[in-house]
Amino acid sequence: MLHLTVLLLFLLSLTFPSTDASVFGGEPGFYGDDATGYGPVFEDQPVETIYPEESPEAKITMSCRARANPPATYQWRLNSRSIDLDGDNHYTQVGGDLVISNPIKNKHVGNYSCVATNDYGTVVSREAGVRFGYLDFFSSEEREAVHVKEGQGAVLLCAPPPHYPHELSFRWILNEFPIFITLDKRRFVSQTTGNLYISKVDLSDSGNYSCFVSSASIAKSVFSKFIPLVPLTERPIRKYPADIKVKFPDTYALVGQNVTMECFALGNPIPQIRWKKMNGELPSNHDVSMAGAHLHLYNVQYEDEGTYECEALNSKGKDWHRARVSVEAFPEWTESINSTEKDISSDYTMSCVASGKPKPHVQWLKNSYHYPLSSQASGWQLLFSALTFKDSGMYQCIAENRHGVIYANAELRVIACAPTFEHNPVKWRILGAKNGRVVIECKPKAAPKPSFSWSKGTELLFNSTRVLIWEDGSLEILNVTEADEGRYTCFAENNRGKANSTGSLSITEATKITLAPSNADVTVGESTHMQCAASHDSTLDITFVWTLDAHSIDFDREGSHYERVGDLTNTQLKHSGRYTCTAQTPVDNVTASANLVVRGPPGSPGGVRVEEIRDKSVRLIWSRGTDNHSPISKYTIQCRDSFSQEDWRDATTSPPDVEGNAESATVVDLFPWTEYEFRVIATNTLGTGDPSSPSPKVTTLEAVPVVAPSDIGGGGGTSRELTITWTPVQPQYYYGRNFGYIIAFKPRDGYEWRKVTVADPGAKHYVHKDPSILASTEFEVKVKAFNSKGEGPYSLMAVIYSAQDVPSKAPTSVGARALSATEAIVWWLPVTQHTVEGYQVRYWRKAEDSETSSQRVVVSSRENQTRLDNMRPDSHYLIEVKAYNAAGYGPPSQHLQIYTKKAPPSRPPKIISKKLKGTSVNIAWEHVEPLANESTIDGYKVGTVLQMHGSL
């Protein structure tokens, strides 16, 4: 073995007499093919770890594994300081993994990194944090009850206990676990604070509430002490304007992430939530959920940045909130470093470029240590001049901004070796086409770069007008003939040695196009034919390749249009262009081209935008699309509004016909204060093209309303009221913000109109209360609309009547009689007033029931008696009768008392004998004694059941 080693060193010294001896020491230098290993490449790196403080598994494992030859050794760092495995018995290393047993919070929290090393260099992994996760229990103190009036909003505070990490999910329990409240447009739970918001409290909300908090990271949930919610009855229930209580803050979002914004308002009626982006449209990747309380932006991009507004609206008023979404980005490589071999003494630039927002800053590592940024380093680049073996090693480029860190790893290997053609000799047989160009490659492995020379046979070649030796060693010969056939040898030499390789050149007949394709002009749907033929050397195979505008034609995919024989059927606009036929052999190729013009309907116009926006018109501008070889004759303008999102309709323009040379038009007869989008369609003599992309949405200016409410009517109601009804104006006719109604009314014989304003655009009626209004008085009424720009015309006038008075008399001569244990009949003398519409009979048990829980029967004014059912046996009942009409109930009659009968016997008679005599039966039974609460027996009823027996 010793002799072998000495011999190897001797041979090396003979081959490379000038090599510095230090190369064989600790510096990683490489000679020829001796360097078969490689530096560490990470396959598994540590990841961010949250260790639950209550975890039953008392250990943390940080993973690290690298591919390397020879295998890597590993070391770990905590907060950039090496970990002494012998000095802390909590640490053990298994392979490359670090195991922390019985971790201690104030000792083992921090940022860990793994260092992998072998003979070729060292790399350090990304840093990964170890944090301890916890979720404390809620305080055991009782929570105070929340008292709120019916119709008002309520907020129940969650106040989650101390916890880590910060991400929690929230739900609320009602009365007992696991009954969770259902969220809807009236109830909302903020996933930011955990608070429960109820926009309008109902009596049904009464109960005990508990905040249920979950941490997915540590798989733990806790819930608070119950909070009693006590709604207070208030009549009438007051209404309150929308008041936003959940407001999303200014938010930073990362490109590619999803963002959720919260907005919720209290108010009665329940407010409607609307979202919009200021100075633009909501992104196409948005979604609204939770009855409008959540706005989701998915896969956020830079163009989604901006100010977003949440508007809460009800009939009493509106509120709004705005905040900004700023979009930034995690670092991402746009140019990275790769492992490479470079010749000794050569120059080299190592570059890495990262995008991100904020712009990342860069640092370099060599073998896990910071690389000094001297004159060799320039920000994103490391510049090497005259590489030495000391420059070999593992390099890492690290880009970092406030959102994260990325690593790029590469091995730089500086090599030195004599030229060798072992793996890449000169091609042994080279073919060249007569009168063509031949390039014979010469690419030996060598470091430093060798010098090159060529010979043909024994003749040394030099650069001339036909022969050129390239810098990379390749030999180029122009206009070759049969005289150029022969053996060619490439010689390569550097300061480490020299080598050569030989190949043979043969000359073949050149390929020539004999039938070229011709120009053609067709209409969409027609067919055409393109031919191509060529002559070639008979010893070679030939193939034909067709391209359209330099793109290869896929005959398998386009088989419905193209045939290999040259036919093109059912032509489409996309088939227009320059067709090239290439005839190619293994030696050469020739081409011939022809143009195909396909005429058809025009393409879609582009750049549609809106200018000069008025209340009923806009000016539309666009850019001409392709005419597809047939002049555009006219344009059609289409529009759709926010009330018919799916329906495009032809718009009215001025002038009515838009000529084919136009690039703008005025659209008229639009609705004021309406959101529109427009598109343009071009037409020529061959047909109508596809529509343009829709324009950005615009809203026409406001105008005074011109449509009045319809179906004016009313009447009825309670005493001293005038009820006016109408059919509301459709939203497209609002023509402006702050839309509402003005109601005018006066007695038929009066002169002065009284006017009131209703601010709710969806209102359908108005009730005017006035103690001085006489019953059944004739009134004239009319209604008109208004908005922020002014008042519209009145509707047609209608005649209605004020409410009647309630009946003033009570029914008399009220009588009643029990029919059974559960039924009775009651009668009375009718009230003689003509306004009576019917009667209500109430009945209840005197001792057991309250008057408010009485049973009721309603009959028309034509009736003066009714049956009462579902009564209790043997009970003392009170009965009263009232007359009623649309204005309400009149005074009750005097209370009438009756007793229902006792219940019938509950036990059946026992039959003691049965005797059949001819057609008669004698039956005997025992007498039944009624119980104390049962009625006396008046007699017995005998029934028979006939049974038939027989067979088929």
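All values derive from a computational prediction rather than experimental measurement.

Rules behind the numbers
Residues numbered from 1 in each chain as written. Predicted model: local features only at pLDDT ≥ 70, side-chain atom pairs only at ≥ 80, totals over all residues. Heavy atoms only, no water. Helix = DSSP H or I, 4+ residues; strand = E, 2+ residues; numbered from the N terminus. Contact = heavy atoms within 4.5 Å. Pairing = 2+ DSSP bridges. Axes fitted to C-alpha atoms, helices over the stretch in contact; angles between N-to-C directions. Disulfide = S-S within 2.5 Å. UniProt positions renumbered as here; feature names shortened; annotations may be inferred. pLDDT = per-residue confidence, 0-100. 1 Å grid on protein atoms, 1.4 Å probe; cavity = no way out; pocket = protein on both sides within 12 Å on 5 of 7 lines; lining within 4 Å. Points joined across faces, edges and corners; volume = space filled by probe spheres on them. Nonpolar A, V, L, I, M, F, W, Y, C, P; charged D, E, K, R; others polar.

Asks: Hey, could you run me through the environment of Ser 368 in this one?
Replies: The residue Ser 368 is located in the loop between strand E33 (361-366) and strand E34 (369-370) in this model. It is 9.0 Å that separates the C-alpha atoms of Ser 368 and Ser 125, two residues lying 243 residues apart in sequence. Contact partners of Ser 368, with chain neighbours within four places excluded, come to Arg 77, Val 115, Thr 122, Val 124 and Gln 396.

Asks: Explain the sheet that holds strand E40 (residues 438-440) here, please?
Replies: Either a parallel or an antiparallel arrangement is found when strands of a sheet pair, and the pairing is made through backbone hydrogen bonds. Taken in spatial order, the 3 strands make up an open sheet running E40-E45-E44, and their pairing is antiparallel. What marks the edges here is a single partner per strand, and that holds for E40 and strand E44 (467-469). Across the sheet, the mean angle separating the axes of adjacent strands is 15° when strand polarity is ignored. Bridging between E44 and strand E45 (residues 475-477) involves 3 bridges; their strand directions are antiparallel. Its bridge partner being in E45, Val 467 is matched across the sheet by Ile 477.

Asks: So what exactly am I meant to see when it comes to the state of the cysteines here?
Replies: Disulfide: a covalent bond formed between the sulfur atoms of two cysteine residues. With the rule as written, the count across this model stands at 6 disulfides. At a sulfur-sulfur separation of 1.8 Å, the disulfide partner of Cys 352 is Cys 397. Taking the torsion about the S-S bond as the criterion, the Cys 352 to Cys 397 disulfide, at about 50°, is right-handed. Of this pair, Cys 352 sits in the loop between strand E31 (348-351) and strand E32 (353-357) while Cys 397 sits in strand E37 (residues 393-401), and the two are 45 residues apart along the sequence.

Asks: Help me understand the UniProt feature "domain: Fibronectin type-III" (unreviewed entry) in the chain, please; the structure alone is not making it clear to me.
Replies: Here, UniProt's "domain: Fibronectin type-III" (unreviewed entry) annotation points to residues 604-703, 708-805 and 810-903. Taken end to end, residues 810-903 comprises 0% helix and 53% strand; its first and last C-alpha atoms sit 33 Å apart.

Asks: Is there a simple way to think about the confidence of the model for the chain in this case?
Replies: Any residue range with low pLDDT should be treated as having predicted coordinates unsuitable for detailed reading. Here the chain averages 89 in pLDDT, while 94% of its residues score no lower than 70. Across residues 1-34, confidence stays below pLDDT 50; counting only partners more than four residues off in sequence or on other chains, it has 36 contacts. Every residue in residues 948-952 scores below 50 in pLDDT, and together they form 0 contacts with partners more than four places removed in sequence or on other chains.

Asks: Looking at this structure, I do not really get the side chain of His 296. What am I missing?
Replies: Looking at where His 296 falls in the secondary structure, it is placed in strand E27 (residues 294-297). Here His 296 is in contact with Val 259, Thr 260, Asn 285, His 286, Asp 287 and Ser 289, once residues within four sequence places are set aside.

Asks: Please clarify how the layout of surface pockets should be interpreted in this entry.
Replies: Using a probe with the size of a water molecule, rolled over the atoms, empty space left in the structure can be pinpointed. Estimates place the volume of the second largest pocket at around 560 Å³. Around the second largest pocket sit 22 residues that line it, and Ser 80, Ser 113, Arg 126, Glu 127 and Tyr 407 are the ones nearest its centre. Of all the secondary structure elements, the ones that give two or more residues to the lining of the second largest pocket are strand E10 (110-118), strand E12 (128-135), E33, E34, E37 and strand E38 (404-420). The biggest single contributor to the lining of the second largest pocket is E12, with 3 residues. Taken together, the residues that form the lining of the second largest pocket break down as 8 nonpolar, 8 polar and 6 charged.

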